[in-house]
Amino acid sequence: MNSRLSFLLILLLIIVPQSFQGSIFKTFSSTLTPKSPPSSLVFPLSGNVFPLGYYSVSVQIGSPPKTFTFDIDTGSDLTWVQCDAPCTGCTLHPSLQYKPKSNTVPCSDPLCSALHWPKKPHCPDPKEQCDYDVHYADQGSSMGVLVTDQFPLKLMNGSALQPHLAFGCGYDQSFPSAHPPPMTAGVLGLGRGKISFLTQLVSAGLTRNVIGHCLSSKGGGYLFFGDSHIPSTGVSWTPLMSQENHYTTGPAELLYNEKPTGLKGLKLIFDTGSSYTYFNSKTYQTILNLIGNDLKGKPLKDAKEDKTLPICWKGAKPLKSVLEVKNLFKTLAIKFMNGRRNTQLQIPPESYLIISKTGNVCMGILNGTEVGLHDSNLIGDISMQGIMMIYDNEKQQLGWVSADCDKLPKS
Ligand SMILES: *[C@@H]1O[C@H](CO)[C@@H](O)[C@H](O)[C@H]1NC(C)=O
Ligand SMILES: *[C@@H]1O[C@H](CO)[C@@H](O)[C@H](O)[C@H]1NC(C)=O
C-alpha cells in the first residue's frame, strides 16, 4: 500500500492557457433582452478535504440522461468526462463512462478555438473533430475530443431545460500514480474562459455570470450558478485581476495572529480543484517558522513517521478533531490592499490543519514552489470551508461570507 494516505489534487490548468475574454461579459446584457431574466441553479456537493481530497457534484448528461460525478474546479475551464471511446487510464467501469455518439464539435467551431487559445486548433478540414489535451499542476492530464450533448437542468425558477453544452470526452487520462484513483467521472470546469460550464450557461441566457460555493467542514455543501443566493449584507469583496485566466486576487498581505508577517504583494488563485492551500517557498517557510515558534513548549511533537502530509504533529493521545488543538494554533489572514476598505479573509486553524488517520494533526498548507507554482499562491478547499465564496464575473470581484454550508439554499 502507498504510504501517502491523503488524496491530493491540484486541478489548476497549466501549459495551455484558456481564453479569457472580457467581451463576453460586456455583451451579456444585450444578449439577454429576450423573454425572461436569467435564473439560477443549485447543486448539492459531496466530498471532503480529507481523506477524499475533493468536492464533487452529480450532473446528468444526454437523453436518456446518465448521471456523472465531477470534481468541481474553479482552476480550469474545460469540463470533461471519462469516455468509452474506448478509454486508456479511465478509473470507471466502461458501463459508467460516457458513450460518444456522432456528436463531436468540429475544429472550425469557435468553442474549439477558445479551447486552444492562444494557439490554433489543428484543423486541416473544418469538419474534423476538435481534439484537446489538458494538463494540470499536479501532473495529471486528460486527452480527448470535444463533444456536445444535452444537460437536463432544473432551474430555480421552476423551469426544466436541456441546453446543449460542449465538454470533453476524455479517452486518455493520466493522473499521478502515487495517489489512489479518483472516484469521480471527470472535472467540471468553472473557470472564466469561453469553454467553461459557467460561460456556456451564461451564453445560453440561463444564469448570470456568477458562481458560488459553500464547502462544509463536515463534508458536502453546495455549488450555485447565478446570483440569487448571495446575501445582501455581510459579504466581503475584493476585485478579481482582469488580465488573468484564473480567479486571481491581490496584491495581499499575510497576517498571523492579526499581526503583519512582512509578507506583502501576494497573488492568490482561488481553486476548488486543489485539496490544500499552497504558498510559495518564502511565504511557506515564514508560516512554518511562526507556527514552529508558537508550538515550543506545547504538548505537540513532530510525527515524522506520519506521511499523510509533509508536516504532522503528535499529541499525548490520538486526536479526533482539529478543535481539540485549535487553541495551540493561531489564525492566519489574508489582507487585501486593493479594496476600498480593509478586507480580510480569515484562515483559522481548522482551515489549514487536518487530522490524519492515525490521529496526528497535519499542516494543510504546502510548498507551492515544490509543485511549480512560483509567483502565485493557491487557496484550496481546506481554506474555503464554512464560507460562501462568490465569484462574480460581471462585477469582476470575489466575495466571501461565513455561512452554514450544510443547509442547501431554497428558491
Ligand atoms: C426560467 O429562466 C429561464 C432562463 O432565463 C427561462 O428560459 C425560463 O423561461 C424561465 N422560466 C420561468 C417559469 O420563468
Ligand atoms: C520549497 O520547495 C523548493 C523547491 O523544491 C525548495 O527549494 C524549498 O527549500 C522548499 N521550501 C521549504 C520551506 O521547504
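Note on numbering: residues in each chain are counted from 1, in written sequence order. Following the order in which they are written, the chains are lettered starting with A and the ligands numbered starting with 1. Since the coordinates come from a predicted model, pLDDT governs what is reported: local features require at least 70, and pairs of side-chain atoms require 80 or more to be given and counted, while whole-chain, interface and lining totals use all residues. Side-chain metrics rest on all non-hydrogen atoms present in the structure, leaving aside hydrogens and water.

Under an unreviewed UniProt entry, the chain has the name Aspartic proteinase Asp1 and belongs to Microthlaspi erraticum. UniProt positions are given in the numbering used here, feature names are shortened, and annotations may be inferred rather than shown by experiment. Quoted verbatim from the Sequence similarities (unreviewed entry) field of UniProt, the annotation for the chain is "Belongs to the peptidase A1 family."

1. Details of the site of ligand 1
All residues adjacent to ligand 1 are Ser36, Pro37, Pro38, Ser39, Leu155, Asn157, Ser159, Gly205 and Leu206. The contact in question runs from a nitrogen atom of ligand 1 to an N or O atom on the side chain of serine 159, over 2.6 Å. Between ligand 1 and glycine 205, the relevant distance is 3.3 Å, taken from an oxygen atom to a main-chain nitrogen or oxygen of the residue. A total of 360 Å² of accessible area belongs to ligand 1 in isolation, and the protein chains cover 64% of it. When at least one non-hydrogen atom of a residue lies within 4 Å of a molecule or strand, that residue is treated as near it. Pairing of N or O atoms within 3.5 Å defines a polar contact, subject to two protein rules: one partner must be a possible hydrogen donor and the other a possible acceptor, and residues neighboring in sequence count only if both atoms are side-chain atoms. Here the accessible surface of atoms and residues is derived via Shrake-Rupley with a 1.4 Å probe, and residues count as covered only by protein chains that are part of the display.

2. Some points on the UniProt feature "active site" (unreviewed entry) in the chain
According to UniProt, the feature "active site" (unreviewed entry) maps to Asp73 and Asp271 in the numbering used here. Across 199 residues of sequence, these annotated residues stay compact in space, with a maximum C-alpha separation of 6.5 Å. Assignment of secondary structure puts aspartate 73 in strand β4 (residues 66-73). In terms of polar contacts, aspartate 73 uses its side chain to reach the side chain of serine 76, at 2.6 Å. Once you skip the residues sitting within four places of it in the chain, aspartate 271 turns out to touch Ile10, Leu11, Leu12, Asp73, Thr74, Gly75, Leu378, Ile379, Gly380, Asp381 and Met384. Where helices and strands are cited, they refer to DSSP runs of H or I of at least four residues and of E of at least two residues respectively, numbered from the N terminus. Contacts: residue pairs with any heavy atoms within 4.5 Å of one another.

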